[in-house]
Amino acid sequence: RRDRCYGCGRCLPVCPWGLIAAHSYPTPIDAVAQQVLSQVDALEIHTHVGEHAAFKDLWQTLQPWIGNLQIISISCPDGDGLINYLKDLQQIMKAPESSLGEDLRDSAIALKIALKTKPHNAIWQNVIWQTDGRPMSGDIGKGTTHAAIRLAEKVLQSDLLGYVQLAGGTNQYTVPKLYELGLLAHAKSLNGSMNGATRLVSGVAYGSFARRLLVSFTDQTLYLEETPALLWKAVAIAESLIAPLKRPI
Ligand code: SF4
């Protein structure tokens, strides 16, 4: 069912006849930007090593709304040259507005004045590097958490500025393992600093593992937010993932 598939791709190799196929339905950024981006505080961008041109295009398209954002998450799986690639993205985000095209710059300035936003180029300082260790695999088993932690360690060992958040393979074993390794930054120790000097993991994103936890609720309705009793039961389950991160030290 198209309305339930989230595109993990795991079913594709299962059919011995190769009868399962995947199709992408990309939505142009322009189609959602006007409606959504002026109202959001945070944005998550998914990318892969080597996609410099696509990232730069997207970054330019986002310029009119960048000043509204409080934080940006860049999600990327491992690959050859990952750290250099992420540093290149940092440079693209840091680039002054003068490096943009004339039309784009004019529209960005007009919108910025209209929205009374802060300068766009400060946002590069508020970046979460989301290390997508083993994408969409957290519900497979305990072992996937190790791939997620290994990739986070790789980024933490670099001199990239920003927070590091685990993803891709995260599950109920992730937080205990991070505490065991002494890799988890407590909220108090973050103290608003984005300089990565703590060299600790600052957050955990749950995807497929959370979806599995919540599937009994999402199976019942596509509009959970319109069914408060069901919604709050689902929120309570979701909070079980957050609570271990917020335990006192
Ligand atoms: S296994 Fe993944 S890609 Fe295949 S139908 Fe299920 S969610 Fe979609």
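If you're wondering where the values come from, they're calculated on a predicted model, not measured in any experiment.

Caption draft 1: Region of the structure containing the pattern of salt bridges. As enumerated under the stated definition, the model contains 3 salt bridges in all. Across the pair Lys-154 and Asp-78 runs a salt bridge whose closest N-O atoms are separated by 2.7 Å. Residue Lys-154 is located in helix H5 (residues 144-156), and its partner Asp-78 is located in the loop between strand E2 (71-76) and helix H3 (82-94); the two are separated by 76 residues in the primary sequence. The partner of Asp-159 in a salt bridge is Lys-87, with the nearest N and O atoms 2.8 Å apart. In this pair, Asp-159 is assigned in the loop between H5 and strand E4 (163-167) and Lys-87 in helix H3, connecting sequence segments 72 residues apart. Using a relative accessible area of 56% as the deciding quantity, one classes Asp-159 as exposed.

Caption draft 2: Expanded view of the site of the ligand. Residues in close proximity to the ligand include Cys-5, Tyr-6, Gly-7, Cys-8, Gly-9 and Cys-11, which together make up its full environment. Of the residues assigned to the shell around the ligand, the class counts are 4 nonpolar, 2 polar and no charged.

Caption draft 3: The arrangement of the packing of aromatic side chains in detail. This model, assessed by the stated rule, comprises 2 aromatic pairs. Relative to Trp-59, the ring of Phe-55 has its centre 6.0 Å away and its plane inclined at 10 degrees; by these criteria the two rings are stacked. Highlighted residues: Phe-55 and Trp-59, both in helix H2 (residues 52-66), separated by 4 residues, approximately one helical turn. For the residue pair Phe-55 and Trp-59, the accessibility class agrees, reading buried in each case.

Caption draft 4: Quick look at the packing of helix H8 (residues 208-218) against helix H9 (residues 228-242). With their axes 10 Å apart at the nearest point, H8 and H9 run at an angle of 155 degrees to one another. For the element pair H8 / H9, the angle class is roughly antiparallel. Here the hand of the crossing between H8 and H9 comes out right-handed. The residues of H9 that touch H8, namely those facing Phe-209, Ala-210, Leu-213, Leu-214 and Phe-217, are Leu-230, Lys-233, Ala-234, Ile-237, Ala-238 and Leu-241.

Caption draft 5: Looking closely at the sheet that holds E4. An order of E1-E2-E3-E4-E5 is seen for the 5 strands of this open sheet, with the pairing classed as parallel. Where the open sheet ends on each side, the last strands, each with one partner, are strand E1 (42-46) and strand E5 (203-204). The sheet contact formed by E1 and E2 spans 5 bridges and is parallel. Following the sheet pairing, Ala-42 is matched in E2 by Ile-71. Contacts from H3 reach E2 and strand E3 (127-132) within the one sheet, and its direction differs from that of E2 by about 150 degrees. Contacting E2, E3 and E4, H5 runs over the sheet at an angle of about 165 degrees to E4.

Caption draft 6: Spotlight on the environment of Gln-90. Relative to the assigned elements, Gln-90 resides in helix H3. Those residues in contact with Gln-90, other than ones at most four positions away along the chain, are Trp-124, Trp-129, Leu-160 and Leu-161.

Caption draft 7: Just the nonpolar core, in detail. In this structure, Phe-55, Trp-59, Ile-74 and Leu-86 are the most contacted members of the largest nonpolar core, which totals 39 residues. At the level of elements, E1, H2, E2, H3, E3, H5, E4 and helix H6 (174-180) are the ones that each hand at least two residues to this core. In terms of residues, this core owes the most to one element, H3, which gives 7 residues. In this structure Leu-86 touches Cys-76, Trp-129, Val-155 and Leu-160, once residues within four positions along its chain are discounted.

Each value, and the rule that gives it
- Residues numbered from 1 in each chain as written.
- Predicted model: local features only at pLDDT ≥ 70, side-chain atom pairs only at ≥ 80, totals over all residues.
- Heavy atoms only, no water.
- Salt bridge = Lys/Arg side-chain N within 4 Å of Asp/Glu carboxyl O.
- Helix = DSSP H or I, 4+ residues; strand = E, 2+ residues; numbered from the N terminus.
- Buried < 20%, exposed > 50% of the residue type's maximum accessible area, 1.4 Å probe, protein only.
- Near = heavy atom within 4 Å.
- Nonpolar A, V, L, I, M, F, W, Y, C, P; charged D, E, K, R; others polar.
- Phe/Tyr/Trp six-rings, centres within 6.5 Å; stacked < 30°, edge-to-face > 60°.
- Axes fitted to C-alpha atoms, helices over the stretch in contact; angles between N-to-C directions.
- Parallel < 35°, antiparallel > 145°, perpendicular 65-115°, else oblique.
- Left-handed = near helix turned anticlockwise from the far one by under 90°.
- Contact = heavy atoms within 4.5 Å.
- Pairing = 2+ DSSP bridges.
- Core = buried A, V, L, I, M, F, W, Y, C linked by side-chain atoms within 4.5 Å.

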